[in-house]
Amino acid sequence: MALSLSFSLTTSATTAPLSSFKRLPSRIPTVKALGVFPSKGIYHKRAIRIRPCSSLGDLTSAVTSAVTTTADVAVDTAAAVVDTAAAVVDTTTETAEVTRADFPADFKFGCATSAFQTEGSGTEGGRGPATWDDYIQDTTVDGTEIAVDSYNRYKDDVQLLKNMGVDTYRFSMSWSRLLPDGTIDGGINQEGIDFYNNFIDELIANGITPFVTLFHFDLPTALKDKYNGFLSIDIVEDFKAYADLCFKTFGDRVKYWATINEPQVWGQYGFTNTAADANAATDPYVSSHNVILAHATAAKLYMNTYQSTQGGEIGIPMVVEWFEPFEDTPQDVFAAKRAFDFLTGWFLEPLVYGDYPFVMKALVRDGLPEFTDEQKELVKGSYDYIGVNYYTSRFATSVPITSNDVYTTMDQYQHATITVEGSDGEPIGDATPGSSSIYVYPEGLRKGLTLLKEYNNPKIYVTENGYPDARDDTLSVEEASVDDARIQHIKDHLAAVKAARDAGADVQGYLMWALMDCVEMGSGYAVRFGLNYTDYLNDLVRTPKNFSLPTLAPRAPLSSFKRLPSRIPTVKALGVFPSKGIDHKRAIRIRPCSALGDLTSSLTSAVTTTVAVAADTAAAVVDTTTTTTTETAEVTRADFPDDFKFGCATSAFQTEGSGTEGGRGPATWDSYIQDATVDGTEIAVDSYNRYKDDVQLLKNMGVDTYRFSISWSRLLPDGTIDGGINQEGIDFYNNFIDELIANGITPFVTLFHFDLPTALNTKYNGFLSIDIVEDFKAYADLCFKTFGDRVKYWATINEPQVWGQYGFTNPAEDANAATDPYVSSHNVILAHATAAKLYKNTYQPTQGGEIGIPMVVEWFEPFEDTPQDVFAAKRAFDFLTGWFLEPLVYGDYPFVMKALVRDGLPEFTDEQKELVKGSYDYIGVNYYTSRFATSVPITSNDVYTTMDQYQHATITVEGSDGEPIGDATPGSSSIYVYPEGLRKGLTLLKEYNNPKIYVTENGYPDARDDTLSVEEASVDDARIQHIKDHLAAVKAARDAGADVQGYLMWALMDCVEMGSGYAVRFGLNYTDYLNDLVRTPKKSAAWLKDFLASTTST
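Rules of the game
Residues numbered from 1 in each chain as written. Predicted model: local features only at pLDDT ≥ 70, side-chain atom pairs only at ≥ 80, totals over all residues. Heavy atoms only, no water. Helix = DSSP H or I, 4+ residues; strand = E, 2+ residues; numbered from the N terminus. Buried < 20%, exposed > 50% of the residue type's maximum accessible area, 1.4 Å probe, protein only. Contact = heavy atoms within 4.5 Å. Areas by Shrake-Rupley, 256 points an atom, 1.4 Å probe, with all protein chains shown as cover. Phe/Tyr/Trp six-rings, centres within 6.5 Å; stacked < 30°, edge-to-face > 60°. Lys NZ or Arg CZ within 6 Å of the ring centre and 35° of its normal. Core = buried A, V, L, I, M, F, W, Y, C linked by side-chain atoms within 4.5 Å. Expected span 1.5 Å × (residues − 1). Bend = angle between axes of the 7 residues up to and from the residue. Axes fitted to C-alpha atoms, helices over the stretch in contact; angles between N-to-C directions. Parallel < 35°, antiparallel > 145°, perpendicular 65-115°, else oblique. Left-handed = near helix turned anticlockwise from the far one by under 90°. Nonpolar A, V, L, I, M, F, W, Y, C, P; charged D, E, K, R; others polar. Pairing = 2+ DSSP bridges. Salt bridge = Lys/Arg side-chain N within 4 Å of Asp/Glu carboxyl O.

Q: Before we go on, may I ask you to explain the overall build of the chain in this structure?
A: For the chain, the count of helices and strands is 35 helices and 35 strands. Considering the chain as a whole, with its 1098 residues, one finds that 68% of them fall into the buried category. Sequence separation of 24 or more characterises 83% of the internal contacts of the chain that already satisfy a separation of 6 or more. Here the chain displays about 33000 Å² of accessible surface, and carbon together with sulfur accounts for 50% of that area.

In structure tokens form, the structure reads like this:
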């Protein structure tokens, strides 16, 4: 059923098999993401996303309460953090095989520390006070002002580095050691300048490259007191001035700069807000916004002023952790992606693309500051490398959005719970003796590094990675220095780095935390990360660990570590598409019609309206096949099971005709025909009187199944049981069903296919009213009771996406074009579920049939290979198919729809969720074409006047290369041939509890051309190739595990198409509109007969 422009029909040349069709590269992401984790004793690198502290001194209690608080965190938004390492199909390296020779000669190996954790000498040498000093003084953490006294022992520390043979040392400068009150105007401390000059020179003299962090959590107290530190925009200029001093003073020797360590941490905890309007839920976003601006201002200063002469690099070390979905569901997959976006994407996307992740903007809304256009330009590209601080991973569980949500902390915006244990009760990796928060999961590093390829494949340094032992003073120095577990930890993580590099990640260095045991935030001296032992009981003497280098017992290689199954999704999704002549299966997401009679103009204006559509939210519709395809020439009937259904499909309003004959009541289709200029008289193709001829067409083609619809108003003229049952209608369908069965054809019956009884449309605006549910139930009950002894395949409501948007008239003053379609569709879902549950509970036990719903399923490819467009593609799927699919499978709407539509999307009650969930035996797939999706950003000025705009995506036929997604078709400007989309779409549905699937519609449109003879018009080679290609796609999806059990072609014969009338020909049989509607088999009908009869290629 399709609306299209008319074109001359020409004999189609033989087309390429599916395997040679245009195939967009598979992104193959694994549905995982980086994680925050609950902990008791949390170190500086763990102190994230727990709760904002009212002062830095409160950090200890916040950190130590992290287990319970983080477990309650909410985090969820987009369907899968992409693991492109899965593209290398779990490429790993045996840890025993990793050697220095596995990395380039210029690959950096080194260690890392920070000033506040090692230097000490808080007041020595003219250093001004810093917030770290307050933290130590205000808490019970064991960490005196001396730290490990590196201020006085830096030469010894350099010798440790030299003796280990590393080439790089990452350390931080103390801002207040150079500028005691944090500002240039307050004076430069020459002793501080001298200290770092000497330190840098000592490193270089010993062959060690300095890798300098400008800011690592020790803000000058004066700036905290002056304007609450990073909570104020004033910090940007002060940080710029401090950075400028460093570049100018040390940049002749320092070639690796890091601006702000772990901005996620400091953005949340590096301020105190005592104002009356303090907001624990949004203040951290304000602070972090200023962190980003401070970083970018300093980075651009370096890149524009110093880099050309000094030749160095500048970047920012971020917390990067990996999230695995708690359960393998779209909801938890999206929670994992959200967790990544709220942790790393929060800072990464502004630097790469100039703005925050879409999902953060969707969920935090006004609480998230906006970048001005000037700031976007400043922030975008403000890095030469991305630093990765990786320690562990976690699981993410989705927390649903409800209308009662109140956000009192920033954590809650993420709508996810983060846990150590997965759904099997097992932790993500081995526990560590020194930290309840760090579990060893090298796979997370591999996946995280490979994921970063998606962000313009930046240069990466692993700037921190370490293993925590617990301090135990009962051990001798020799005993405590035997750290085999740390050695294995390094080996395993180096193997992960190598695997990521092999997969294409541009990793150029690995720096271990830490050079020596030192003060750890939240635990003081209680934890040992060092490769060198610090003797806290003996003058802080350093001793290299494992100095006797005992032989390590063999341990399982990385490849045999715990590895969660790769989902290997491809970052694509189903699509709506702009068109001029749009077919019924295309008539979606354009604008709600004020009446069904307006549908024609709505459809014909679809190009411009749909192109302007907004649609974006999750990052990747998963394509779990690894580009498995089959040469179409090889696909035969024998490639499918004996009980696989092959058939054709039509609908009552497009074929029956006889609108008033036989006691039928008026339906909205009649009004549409009368009010529109579409060529399609009441006779349609007269199947009401010619059904026996149609059955013979089916029999002669050798198909075993015929999907058709019952006209509701032919059975119940006014739509209700109380209005009376039309016995002539009952007799007609009884005879039709019996005729099919007598000829060996299985009836596959659709209860409702767009022809609503006019009486119900007049009475309560059809599906816009909840009253429709009971009337539809009563109608369905009549059908089950009357025909269910012979009908074993039921479809409730065809393409609910279409009818939910267009199947109502709302003349009320409060009509809302943006949200009325969501109300109507809500009632469509409830009507379907009520009828389906009635069948399953009352009739199925005795009749033994199946019931389901045929949905529009289309595929979206991201317009560009960016996280934004990847997420747009996923959103497009969620707003098209997930809109109806997720309620049926899981009992509620997709997370992203609830996040974007908010109050405009009705809520299911708990009782309705139970009703809807599981209300199907199969999912029907109506597939015709695919499209590209481009993300449309969220702004504070957004106004939603149509439902399309909520999706925040633009849907187009052409990709970024200007090429259409597939070959155009002669009969429709909306349908482009893309069999890959069917394969990907079918395989995607595996993610939704792997339902039984029937392809309930798939067809090819020719244009009507009355200048051709019947014989000429019946040569439809293009349709034959179309069927071959799509059957190959079905086979490939089945081979990948999709439970596809049937393929029904649209249409049995040329018939009336909504929006185009008789102007388009989808039929396998030619209907002669100039000669009494005579049917003649086309070449495709003969081909199909041969195909079904053969066991070899045709």
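Q: Honestly, the packing of aromatic side chains in this entry has me stumped. Any pointers?
A: How two aromatic rings sit relative to each other is given by the distance of their centres and the angle of their planes. On inspection of all chains with the given rule, the structure shows 82 aromatic pairs. Plain terms: the ring middles of Phe 195 and Phe 199 are 5.9 Å apart, the flat faces sit at 45° to each other, and that makes the pair tilted. A residue pair is termed a helical-turn pair when its members lie 3 or 4 positions apart in one helix, as Phe 195 and Phe 199 do in helix 7 (residues 190-205) at 4 residues. The exposure class of Phe 195 is buried, given its relative accessible area of 6%. For Phe 199, a relative accessible area of 7% gives the class buried. One aromatic cluster in this structure is built from Phe 116, Trp 132, Trp 175, Phe 215, Phe 217, Phe 230, Phe 239, Tyr 242 and Trp 266. Directly above the ring of Phe 334 sits Arg 338, whose terminal nitrogen or CZ lies 4.9 Å from the centroid. Taking NZ or CZ as reference, Arg 338 lies 3.6 Å from the ring centre of Phe 895, over its face.

Q: Would you explain the nonpolar core in this entry?
A: Residues Leu 178, Phe 250, Trp 257, Leu 715, Phe 787 and Trp 794 are the most contacted members of the largest nonpolar core, which totals 279 residues. Residues within four places of Phe 787 in sequence aside, it is in contact with Ile 710, Leu 715, Ile 730, Tyr 733, Asn 734, Ile 737 and Trp 794.

Q: Help me understand helix 29 (residues 867-890) in this model?
A: Residues three or four positions apart in an α-helix share a direction because the helix packs 3.6 residues into each turn. In this model, helix 29 (24 residues) spans only 26 Å end to end at C-alpha, well below the 34 Å of a helix rising 1.5 Å per residue. If you look at helix 29, its biggest bend is around 65°, right at Gly 882. For helix 29, the buried fraction is high: 23 of the 24 residues fall into the buried class. Within two residues after helix 29, Gly 891 carries a phi angle of roughly 95°, on the positive side.

Q: What's the story with the packing of helix 9 (residues 235-250) against helix 11 (residues 283-310) in this structure? I'm lost.
A: A packed helix pair is summarised by two numbers, namely the angle formed by the two axes and the spacing between the axes. Between helix 9 and helix 11, the least distance of the axes is 9 Å, while the angle of their chain directions is 30°. Overall, the two elements helix 9 and helix 11 adopt an arrangement that is roughly parallel. Crossing of helix 9 over helix 11 shows right-handed handedness. Residues Ile 235, Val 236, Phe 239, Lys 240, Ala 243, Asp 244, Phe 247 and Lys 248 of helix 9 lie in contact with helix 11, whose contacting residues are Asn 290, Leu 293, Ala 294, His 295, Thr 297, Ala 298, Leu 301, Tyr 302, Tyr 306 and Gln 310. Here the residues of the contact of helix 9 with helix 11 sort into 11 nonpolar, 4 polar and 3 charged.

Q: Explain the packing of helix 7 against helix 9 to me, please; I cannot follow it from the model alone.
A: At their nearest, the axes of helix 7 and helix 9 sit 11 Å apart, and the two run at 50° to each other. As far as their axial angle goes, helix 9 and helix 7 are oblique. Relative to helix 9, helix 7 is oriented so that their crossing is right-handed. Judged by residue contacts, Ile 193, Tyr 196, Asn 197 and Ile 200 of helix 7 engage Leu 245, Thr 249 and Phe 250 from helix 9. Here the residues of the contact of helix 7 with helix 9 sort into 5 nonpolar, 2 polar and no charged.

Q: What should I look at first to understand the sheet that holds strand 25 (residues 922-926) in this one?
A: Think of a sheet as strands paired side by side through backbone hydrogen bonds, with each pair either parallel or antiparallel. Read around the closed barrel, the 8 strands follow the order 19-20-21-22-23-25-30-32; overall the barrel is parallel. Within the sheet, the average angular offset between the axes of one strand and its neighbour, ignoring direction, is 25°. Note: strand 21 (residues 746-752) against strand 22 (residues 793-797), 4 bridges, orientation parallel. Across the sheet, residue Phe 748 finds its bridge partner in strand 22, namely Tyr 793. Each of strand 22 and strand 23 (850-856) is contacted by helix 28 (residues 820-847), which is oriented at about 160° to strand 23, the strand it contacts most. Here helix 29 sits on the sheet and contacts strand 23 and strand 25; the angle it forms with strand 23, its principal contact strand, is near 155°.

Q: I keep staring at the pairing of strand 16 (residues 532-535) and nothing clicks. Help me out?
A: Each regular strand carries side chains that alternate between the two faces of the sheet. A two-sided burial pattern is seen for strand 16, the buried positions comprising Asn 532 and Thr 534 on one face and Tyr 533 and Asp 535 on the other. Strand direction decides the pairing type here: strand 16 and strand 17 (residues 541-544), joined by 4 bridges, are antiparallel. Bridge pairing in strand 17 places Asn 532 opposite Pro 544. Turn length for the strand 16-strand 17 hairpin, with the two strands adjacent in sequence and antiparallel, is 5 residues, and the turn residue Asp 539 shows positive phi of about 60°.

Q: Help me out: how do you make sense of the environment of Thr 846 in this one?
A: Structurally, Thr 846 is set in helix 28. Sequence separation between Thr 846 and Gly 788 is 58 residues, and the spatial gap between their C-alpha atoms is 9.5 Å.

Q: Any chance you could explain the sheet that holds strand 7 (residues 385-389) here in plain terms?
A: Spatially, 8 strands are ordered 1-2-3-4-5-7-12-14 in a closed barrel, and the strand pairing comes out parallel. Along the sheet, successive strands turn relative to each other by an average axial angle of 30°, direction set aside. Relative to strand 2 (residues 168-172), strand 1 (residues 108-112) is paired through 3 bridges, and the arrangement is parallel. By the bridge assignment, Gly 110 is partnered in strand 2 with Thr 168.

Q: Looking at this structure, I do not really get unusual backbone geometry. What am I missing?
A: Among all residues save glycine, negative phi is the norm, and among peptide bonds the norm is trans. Cis geometry is adopted by the peptide bond preceding Ala 514, which originates at Trp 513 and carries an omega value of 10°. Cis peptide bonds are those with omega within 30 degrees of zero, and the linkage from Trp 1050 to Ala 1051 qualifies with 10°. Here Ala 1051 is to be found in the loop between strand 32 (1044-1050) and strand 33 (1064-1065). Of note, Phe 217 is a non-glycine position whose phi angle comes to about 80°, a positive value. Inspection of the secondary structure assignment puts Phe 217 in the loop between strand 3 (209-215) and helix 8 (221-227).

Q: Just checking my understanding: could you explain the pattern of salt bridges for this structure?
A: When the charged atoms of two side chains with opposite charge come close together, those side chains can pair. Taken as a whole and judged by the stated rule, the model has 44 salt bridges. Arg 127 is the salt-bridge partner of Asp 133, the closest N and O atoms lying 3.0 Å from each other. As far as the burial class goes, Asp 133 and Arg 127 line up, both buried. In this structure, the salt-bridge partner of Glu 861 is Lys 984, at a minimum N-O distance of 2.8 Å. With Glu 861 in strand 24 (residues 859-862) and Lys 984 in helix 32 (residues 979-988), this pair connects stretches of sequence that are 123 residues apart. Comparing Glu 861 with Lys 984, the two get one shared label, buried. Salt bridges here are not isolated pairs; linked through shared partners, they connect Asp 149, Arg 153 and Asp 539.

Q: Which parts of the structure should I look at to understand the side chain of Asn 761?
A: By the element assignment, Asn 761 lies in helix 25 (residues 758-764). Taking the relative accessible area as the measure of exposure, Asn 761 reaches 17% and is therefore buried. Once residues lying within four places of it in the same chain are set aside, the contact partners of Asn 761 are Thr 668, Leu 756, Gly 766, Phe 808 and Thr 809.

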